[in-house]
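# Report on the structure
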Amino acid sequence: EVARLVFTQINAAGLPREDRAFVKYMIACCQRRLGRLAEAEAAFREVANSDDDEFHKNCAIWQLSLLKSNRDLETQLGELRS
């Protein structure tokens, strides 16, 4: 939570494009680690849809695919239990 708060206090408007993408990506990672998956997914999608930094864009796309895979596995597990 502390890391998320620190990243959200950074004024990204004055940063270079690559650093803005890094800050947004790290906020998304913090939200994922905190279990705020819907917020994390929205933040990852924002990074994935931007052209600020190719590396963080690809990382965000990868994280989105992991979140989807995890959601699909949870659904399958729920179906198996019932």
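What counts, and at which threshold
Residues numbered from 1 in each chain as written. Predicted model: local features only at pLDDT ≥ 70, side-chain atom pairs only at ≥ 80, totals over all residues. Heavy atoms only, no water. Axes fitted to C-alpha atoms, helices over the stretch in contact; angles between N-to-C directions. Helix = DSSP H or I, 4+ residues; strand = E, 2+ residues; numbered from the N terminus. Parallel < 35°, antiparallel > 145°, perpendicular 65-115°, else oblique. Left-handed = near helix turned anticlockwise from the far one by under 90°. Contact = heavy atoms within 4.5 Å. Nonpolar A, V, L, I, M, F, W, Y, C, P; charged D, E, K, R; others polar. Core = buried A, V, L, I, M, F, W, Y, C linked by side-chain atoms within 4.5 Å. Buried < 20%, exposed > 50% of the residue type's maximum accessible area, 1.4 Å probe, protein only.

Relative to each other, helix H2 (residues 17-33) and helix H4 (residues 54-81) sit at 20°, their axes nearing to 10 Å. With respect to their mutual orientation, H2 and H4 come out roughly parallel. In this structure, H2 meets H4 at a crossing whose hand is left-handed. Contact residues: Glu18, Ala21, Phe22, Tyr25 and Arg32 in H2; His56, Cys59, Ala60, Gln63 and Leu67 in H4. Split by residue class, the contact of H2 with H4 holds six nonpolar, two polar and two charged.

A separate point is the nonpolar core. Membership of the largest hydrophobic core is limited to twelve residues, which are Tyr25, Ala28, Cys29, Ala40, Ala43, Phe44, Val47, Ala48, Cys59, Ala60, Leu64 and Leu67. Only H2, helix H3 (37-48) and H4 provide two or more residues apiece to this core. The biggest single contributor to this core is H3, with five residues. With residues near it in sequence (within four places) discarded, Leu67 still touches Arg32, Leu37, Glu41 and Phe44.

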